[in-house]
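Topology and contacts: notes
As a plain string of letters, each chain reads:
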Amino acid sequence: MEQRAPSPRVRRVRLPSFLAGRCVPSDPGPRLHHPGSRRHTGKMAALLPAEWIKNWEKGGKNEFVQLCRALSENKSHDNMGFRDIQQALYELAYHVVRGNLKHDQASNVLGDVIEFREDMPSILADVFCILDIETSCLEEKSKRDHFTQLVLACLYLVSDTVLKERLDPETLESLGLIKQSQQFNQKSVKIKTKLFYKQQKFNLLREENEGYAKLIAELGQDLSGNITSDLILENIKSLIGCFNLDPNRVLDIILEVYECRPEYDDFFVPLIESYMYMCEPQTLCHILGFKFKFYQDPSGETPSSLYRVAAVLLQHNLIDLEDLYVHLLPGDNAIIEEHKREIVEAKQIVRKLTMVVLSSEKTEEKEKEKEKEEEKTEKPPDNQKLGLLEALLKIGDWQHAQSIMDQMPPFYATSHKPIAIALCQLVHVTIEPLYRRVGVPKGAKGSPISSLPNKRAPKQADSFEDLRKEVFNMLCYLGPHLSHDPILFAKVVRLGKAFMKEFQSDGSKQEDKEKMEILFSCLLSITDQVLLPSLSLMDCNACMSEELWGMFKTFPYQYRYRLYGQWKNETYNSHPLLVKVKAQTIDRAKYIMKRLTKENVKPSGRQIGKLSHSNPTILFDYILSQIQKYDNLITPVVDSLKYLTSLNYDVLAYCIIEALANPEKERMKHDDTTISSWLQSLASFCGAVFRKYPIELAGLLQYVANQLKAGKSFDLLILKEVVQKMAGIEITEEMTMEQLEAMTGGEQLKAEGGYFGQIRNTKKSSQRLKDALLDHDLALPLCLLMAQQRNGVIFQEGGEKHLKLVGKLYDQCHDTLVQFGGFLASNLSTEDYIKRVPSIDVLCNEFHTPHDAAFFLSRPMYAHHISSKYDELKKAEKGNKQQHKVHKYITSCELVMAPVHDAVISLHLPKVWDDISPQFYATFWSLTMYDLAVPHSSYDREVNKLKVQMKAIDDNQEMPPNKKKKEKERCTALQDKLLEEEKKQLEHVQRVLQRLKLEKDNWLLAKSTKNETITKFLQLCIFPRCIFSAIDAVYCAHFVELVHQQKTPNFSTLLCYDRVFSDIIYTVASCTENEASRYGRFLCCMLETVTRWHSDRVIYEKECGNYPGFLTILRATGFDGGNKADQLDYENFRHVVHKWHYKLTKASVHCLETGEYTHIRNILIVLTKILPWYPKVLNLGQALERRVHKICQEEKEKRPDLYALAMGYSGQLKSRKPFMIPENEFHHKDPPARNAVAATVQNGPGGAGMPTSLTLNTVRLEEGTTEETEKLKEKSQGVVKVINKAVNATPKVTTSNGNSASNSKIIKEKDDKEKSGKEKDKEKKDKTPAAVPEMKALGKDGKDKPKEERANKDDKAREIKEKTPKSDKEKEKVKKEEKASKEEKSKTVVTIVESKSTAEKEREKEPSRERDVAKEMKSKENAKGGEKMPVAGSLKSPVPRSETSESEREQKRRKVDTHSSPSHSSTVKDNLNELKDSSAKHYINHTTPTLSKSKEREVDKKDLDKSRERSREREKKDEKDRKDRKRDHSNSDREVPQDSTKRRKEENGTTGSSKHSKSESPSDSPRLNEKEKEKNKSKSSGKEKGDSIKAEKMEKSSSGSKKESRHDKEKTEKKEKRDSTGGKEEKKHHKSSDKHR
């Protein structure tokens, strides 16, 4: 080849490296050294010094030869030696050119040197070449001649061929080596053209079939021997050369043969690789491209063998994918278009399925669809890209396969089944070793998969880390199409399970943990992108669902729910296939749900099950949407879900939570007063489905907790339903008394008799609920959140909401707390409970739990503690005596409760503990009805039921004998359990009562007043607890009775009951609906006790007669005994009960007349609850009936719920009417004497702080009917009796209570002034124009009353006003008037005179005594100051009443003094003086006697005389008693009360209040009396009513309306001055009794 074109190569190839590219300067001498060689810099002389040239013949020649020899022999730096020789030869030649040396001398020496190296001629030729170029550029011809001569002289050393190759044609011509340079140039061009541009002509198959036949025979021979590809390649080359075969055609044939013999990869691949060295690199790719092109006809089908060959060549990098890809069809754009078209089609299908199509249109639609399907059946053109991809996957070339898939839309490639299956197979192979090691279930053999023979296939995974490298990637490309290979699906899931097992074990290093975390997140991604979508495309494969659950249950629920959320809301939109599946599922679900009924639950359930295995999210979403609309679907749906897999149940839980959290749905109905029905339906469904099926609850419970954290309590409805259904614990206000009674027994009795449905089979479900709560630590947080949220409902959540809704939410929150707490108490083990519930002070102070809720949560803990301590002590000592047992029980109680007593001190202000002890407080809150009483009747009832059941079983002929036996055994076992439980409870109650008996003396300390003690007891104990739950309501009533029965020191039963019944308006108005129901139950139980005592004298004497709770005179602290005279007798108690009934009526009528929704609703609820015991009195019942009837009429259109309540109550009230009795049968009703004093307990809560509107309404009630006027009479009678009782008690007791005589004077003054103030109030009210029409209207009600009677009443009213002035002049006037009135009376009203009883006559004799008593009372009052005002504890008010401002106290005091009822006639005063004082005042102000005017005066006269005598006798007798008593008390006892009164005075601001109270006497104004007389004359018929109005209005004015204007105050002060004279005279009148003292 070199000879073909010598000249060009000279220039290009053989240029010496050390001078390549240098241009020649005009004086090249020193610059010609190689720039790369360090040694040449300045060392030219070292190689060929000038001396050598000068002395050439002498020694220079030899030196040069030696230098050359030395350079040639130096082998260490071969390259450097070569360059130095070049340099030496070049310098030598250059000296010749310059003429320093002759050419023959140089040729001689070169002849000597040439032998030193083989390549010396070539080096020399290179030197000549350089010099040729350099000299040709020089202008000096001599140098060129010298060069030519040198070359000619050296021709014998270098061959001319070499020179021809390297020197210019002109130089060659001048040397005579060629004839003409021009011809030489032409010849070289021709040779080049032939070599590079002339095409060779080969023989094709047609022309040379023998050669090709031999070629095919070569390739087709048996290759199993020692035949190698190299050997065959040589033969092929020979054939090509011999037969002149076309090399491209030969390559084509090799590929064809390879296609037919795919098993010989190891032979053909190296053969093709070697052959390619002779071809251009693109040739192979073009040949394959033409082959593919051949099959691109619409009818053509590319053979798989061709794909395989192309894949193998790609895998071995013999061709590039980019080069081949362009030859394949269809184009990428066409693929993208097709993908888009598929999505559009899928969406159209969805639209069709969701569209409502009428039947006529359906047939047309079907025909169109058929046509379209026929069009589609035409075969689509072959997709060569996918074919190649499949082949690549089959041989394991993942890299190239991945790059092809990247060119296409996501999942487009794998949506073709062959591709998906090929990729699945590759994954099978890759995971095989790892799966065999960790994934195969125990006992399973499995069929091992052999690895690919191909060494370039992906590496098989031996560890979880290896999965990350390739397998996860492959799965991501598979996506939902893993559904084509369920076996691989199962394998991947099992590997996931194995990984989770390893991931959750702790023993790994930090680095490993990080790797595992990454792997875990990869696994979650695979689950999301591959496993769940694949499950959607599988056709109801329940096994896969269960297999997947095996892995899922190892994930925390947060991850699972996240996955379900993605699956439901995103996955189905990612692929056209999934879009279709979703639409079909919904369509199918609609079909099933339309046909689902209770009757076909089983078949429908199977269909739902089938559908749910693959697409649970879509199915449940639709089912839940239906349930939210139609709640009657709940039961059949719940029953039909029994064919679900575990995974489906879990998905159902997620779907429920998602539906609940749906932000687009309103939780309230449009009226904003009720919770939406969809939420109620969902909650109900939740309860049922979670109970019936083993669904994990953690997510739902956490959701509720999160909602509570966010201050939203709507979703508590769900928790309520779940606990009710799963644990069988119901919270309802509709419980009957029988059920309530059963709820106070043991667990067995509760289950049998306490709930509406018989609760059975809740053991497993309640266990599941308990486990969920404990595993996720949600038990206590939920309780605390609910307890805190109760107030949150009102103050945060309820801001803008309707009051009715706020009440509902509050009730729901509270009920759920009670229910949930009950569940925890009954289901958690003692250890679990104690471990989770902190102590009471931590609950209240740190967690800000309301006290009632905190004790509710702690109560079971105390019971557990006490019982476990008791058991320990029993085991320690084995004494069986009952006494020993009780002693041990009490010891264990003390041990457990001592820390609680200390803890509760921090809950309230220190002064609270002055009145009640922490021990009493803790005891009250820690006990339950179970501890106080055994419900024997409930036990008997349930046992009898079981006996009846057993009899029925015996009588049942159809029941098989073995079933009979089983049922009877069950009943017998239950019966035994109940009896055992009853016995156990009985022993327990006895122990508790013994404990209480020992504790009771330290319960009530009463360091301030008895009244304050009752206030604290009601405020901190009774009221909060009586509205907590129905059982607590019953408990509170029982507890009050128990404290009474235990004869607890300092506990006034009368005062307590009086405070409860006297004014229920505030408590009722501040309740929610359910609280009102519970409060009603409490009142009902309280009334039951009172009614029992009222019904029979024997019972009363036995249970109350000699009990300290019924003392009407309260002595110094610590004194329990008392005269029979100090006790309230039976008849007076009946009066008091009547007063309470009257009070209830008054409050009820007021509430009904307010028009306020809450007042009306709550009072109706309360009235319905207390219906068994109230109303008992006919006239009160009629008054109520009228008001309720009015409500029915008014609310019928406006507020239907109130109308329904009112109608319900009205009906029940009518049915009770036959059992009502007239008033005179209810209590012994005498016409009262003028001077009968209404003894009220000053501290009684009768209407304290009543708003003005209230008093007006109650006034209307009292005036409204004849029955009510009778009531007023009756009250006064009751008052009279009580007062006489009170009056009989010694006035000297005062000193024992530490009040001095001087005090009594001051108080007397004060009292007089109080009266005058009240009188003014009356006057003001009389002037009020509103009252007049009211009176007229009300007058009509009393038509049946004779007019004379009314006239008499008018006179009496007048008499009341005139009765009080006590100056001497007034007395004379009174006597005169009395005579006149006597005459008048005898003419007009005979009947009333006759009816006057002897008892009354006696009472008439005692006015002076009463005044004495009043004085004493005032002295006490002065001492006690602010403490005497009444407290009507609102249920929710945490503020002690004694802290209210002085003006409030003042008003309340007025209110008390002006009570027109016999209000506190029988209740106990803080001490005798208070009692007498108030009774005197009350009597004076409010008696409504039936006597005529003249009769009154007569009575008054007698009164004055007799009372003086009596008081003297009485005082002597009492003095004696007191002396006796003094012996029993130490001096210190006597002194303490005095100190305490002083102290109380200071604390309560007595001085201030006493100043105000001077203006309070309503009886001393003569002007007032005159005015009233005039009125009486003008209006005799309606006068009595007017009087009662005044009395009530007085109440109203003094009822504590804080807004009393300054103007009013000024008026009162003026009146006060006017009346002072009367007051002074009265003082004189009382001096005699003071002297006695």
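Residues numbered from 1 in each chain as written. Predicted model: local features only at pLDDT ≥ 70, side-chain atom pairs only at ≥ 80, totals over all residues. Heavy atoms only, no water.

Let us look at the overall build of the chain. What the chain contains, in helices and strands, is 78 helices and zero strands. Within the chain, buried positions represent 56% of all 1637 residues. By sequence separation, contacts in the chain at least 24 residues apart represent 82% of the contacts at least 6 residues apart. (Helix = DSSP H or I, 4+ residues; strand = E, 2+ residues; numbered from the N terminus. Buried < 20%, exposed > 50% of the residue type's maximum accessible area, 1.4 Å probe, protein only. Contact = heavy atoms within 4.5 Å.)

So, on to the pattern of salt bridges. Evaluated as defined, the whole model comprises 51 salt bridges. Between Lys-750 and Glu-747 there is a salt bridge, with the nearest N and O atoms lying 3.6 Å from each other. Of this pair, Lys-750 and Glu-747 both sit in helix 38 (residues 747-754), three residues apart, roughly one helical turn. Note that Lys-951 and Asp-955 form a salt bridge whose closest N and O atoms lie 3.5 Å from each other. Residue Lys-951 and its partner Asp-955 are located together in helix 48 (residues 936-955), separated by four residues, close to a single helical turn. (Salt bridge = Lys/Arg side-chain N within 4 Å of Asp/Glu carboxyl O.)

Moving on: the confidence of the model for the chain. For the chain, per-residue confidence averages 74 on the pLDDT scale, and residues scoring 70 or more make up 68% of the total. Counting contacts from residues 1-46, a segment whose pLDDT is below 50, to residues more than four positions away or on other chains yields 63 contacts. Within the model, the stretch residues 1116-1122 combines pLDDT values under 50 with 14 contacts to residues more than four positions away or in other chains. (pLDDT = per-residue confidence, 0-100.)

For the rest of this paragraph, the subject is the packing of helix 31 (residues 616-629) against helix 34 (residues 677-692). Where helix 31 contacts helix 34, the axes come no closer than 7 Å and their chain directions differ by 120 degrees. By the angle between their directions, the pair helix 31 and helix 34 is classed as oblique. Seen along the crossing, helix 31 lies across helix 34 with a hand that is right-handed. Of the residues in helix 34, those in contact with Leu-624, Ile-627 and Gln-628 of helix 31 are Trp-678, Ser-681, Leu-682 and Phe-685. (Axes fitted to C-alpha atoms, helices over the stretch in contact; angles between N-to-C directions. Parallel < 35°, antiparallel > 145°, perpendicular 65-115°, else oblique. Left-handed = near helix turned anticlockwise from the far one by under 90°.)

Another point: the packing of aromatic side chains. Here the structure, examined in full by the defined rule, presents 49 aromatic pairs. Aromatic side chains Phe-499 and Phe-503 sit 5.7 Å apart centroid to centroid with 20 degrees between the ring planes, which places their arrangement in the stacked category. With Phe-499 and Phe-503 both in helix 25 (residues 486-504) and four residues apart, the pair spans about one turn of that helix. Phe-503 sits in the partly exposed class, given a relative accessible area of 23%. Where Phe-920 meets Trp-1003, the ring centres are 5.2 Å apart and the plane angle is 55 degrees; that geometry is what we call tilted. With Phe-920 in helix 46 (residues 918-926) and Trp-1003 in the loop between helix 49 (961-999) and helix 50 (1010-1026), this residue pair connects regions lying 83 residues apart in the sequence. Residue Phe-920 is classed as buried on the basis of its relative accessible area of 0%. You can call Trp-1003 buried: its relative accessible area is 0%. Here a set of aromatic residues connected by ring pairs shows up, and it is made of Phe-464, Phe-499, Phe-503, Phe-520, Phe-552, Phe-555, Tyr-557, Tyr-559, Tyr-561, Tyr-564 and Tyr-654. Between Arg-1025 and the ring centre of Phe-924, over which it is positioned, the NZ or CZ distance is 5.5 Å. (Phe/Tyr/Trp six-rings, centres within 6.5 Å; stacked < 30°, edge-to-face > 60°. Lys NZ or Arg CZ within 6 Å of the ring centre and 35° of its normal.)

Bringing a negative patch on the surface into the picture now. Together, Glu-511, Asp-512, Glu-514 and Glu-517 line one region of the surface with negative charge. Among the structural elements, Asp-512 can be located in helix 26 (residues 510-537). According to the relative accessible area criterion, Asp-512 is partly exposed, its value standing at 35%. (Patch = residues over 30% accessible without salt bridge, like charges linked within 9 Å, V, L, I, M, F, W, Y side chains within 5 Å. Areas by Shrake-Rupley, 256 points an atom, 1.4 Å probe, with all protein chains shown as cover. Lys, Arg positive; Asp, Glu negative; His and termini not counted. Charge placed at Lys NZ, Arg CZ, Asp CG, Glu CD.)

Turning next to the nonpolar core. Counting residues in hydrophobic clusters, the biggest one holds 316 residues, and the most contacted among them are Leu-388, Phe-685, Leu-782, Tyr-1079 and Phe-1082. Sorting elements by how many residues they give to this core places helix 33 (residues 646-660) first, with eleven residues. Residues in contact with Phe-1082, not counting those within four places in the same chain, are Ile-1022, Cys-1026, Ala-1033, Cys-1036, Ala-1037 and Val-1060. Among the nonpolar cores identified, the runner-up in size contains 47 residues, and Leu-48, Val-113, Ile-130 and Phe-147 belong to it. (Core = buried A, V, L, I, M, F, W, Y, C linked by side-chain atoms within 4.5 Å.)

Let us now look at unusual backbone geometry. Of note, the amide linkage connecting Leu-329 to Pro-330 takes the cis form, showing an omega dihedral of -5 degrees. If you trace the backbone, Pro-330 turns up in the loop between helix 18 (321-325) and helix 19 (332-354). Cis geometry marks the peptide bond from Tyr-1174 to Pro-1175; its omega dihedral reads -5 degrees. Here Pro-1175 is to be found in the loop between helix 57 (1157-1169) and helix 58 (1178-1198). Phi at Asn-244 is positive, roughly 50 degrees, even though this residue is not glycine. With respect to the helices and strands, the residue Asn-244 is situated in the loop between helix 13 (229-243) and helix 14 (247-260). Its identity as a non-glycine residue notwithstanding, Cys-540 has a phi of 35 degrees, on the positive side. Within the fold, Cys-540 resides in the loop between helix 26 and helix 27 (542-552).

We now examine the packing of helix 13 against helix 15 (residues 265-275). When two helices pack together, their arrangement is given by the angle between the helix axes and by the axis-to-axis distance. Following both chains from N to C, one finds helix 13 and helix 15 inclined at 45 degrees, their axes separated by 9 Å at the closest point. When the axis of helix 13 is compared with that of helix 15, the two are oblique. Helix 15 is crossed by helix 13, and the crossing has right-handed handedness. Taken together, the residues of helix 15 that come into contact with helix 13 (itself represented by Ser-229, Asp-230, Ile-232, Leu-233, Ile-236 and Ile-240) are Phe-267, Pro-270, Leu-271, Ser-274 and Tyr-275. Split by residue class, the contact of helix 13 with helix 15 holds eight nonpolar, two polar and one charged. (Nonpolar A, V, L, I, M, F, W, Y, C, P; charged D, E, K, R; others polar.)

Taking 1.5 Å per residue, 23 residues should reach 33 Å; helix 23 (residues 417-439) reaches only 26 Å between its end C-alpha atoms and comes up short. The largest bend in helix 23 amounts to roughly 55 degrees and is located at Glu-432, with the proline Pro-433 lying one to four residues further along. (Expected span 1.5 Å × (residues − 1). Bend = angle between axes of the 7 residues up to and from the residue.)

Across its 16 residues, helix 51 (residues 1030-1045) extends 23 Å between first and last C-alpha, which sits within 8% of the 22 Å expected from 1.5 Å per residue. For helix 51, the buried fraction is high: 13 of the 16 residues fall into the buried class. One or two positions beyond helix 51, positive phi appears at Lys-1047, with a value near 55 degrees.

Here Met-861 lies in helix 44 (residues 851-876). Separated by 24 residues in sequence, Met-861 and Val-837 have C-alpha atoms that sit 8.0 Å apart. With residues up to four places along the chain from it excluded, the contact list for Met-861 reads Tyr-833, Ile-834, Val-837 and Pro-838.

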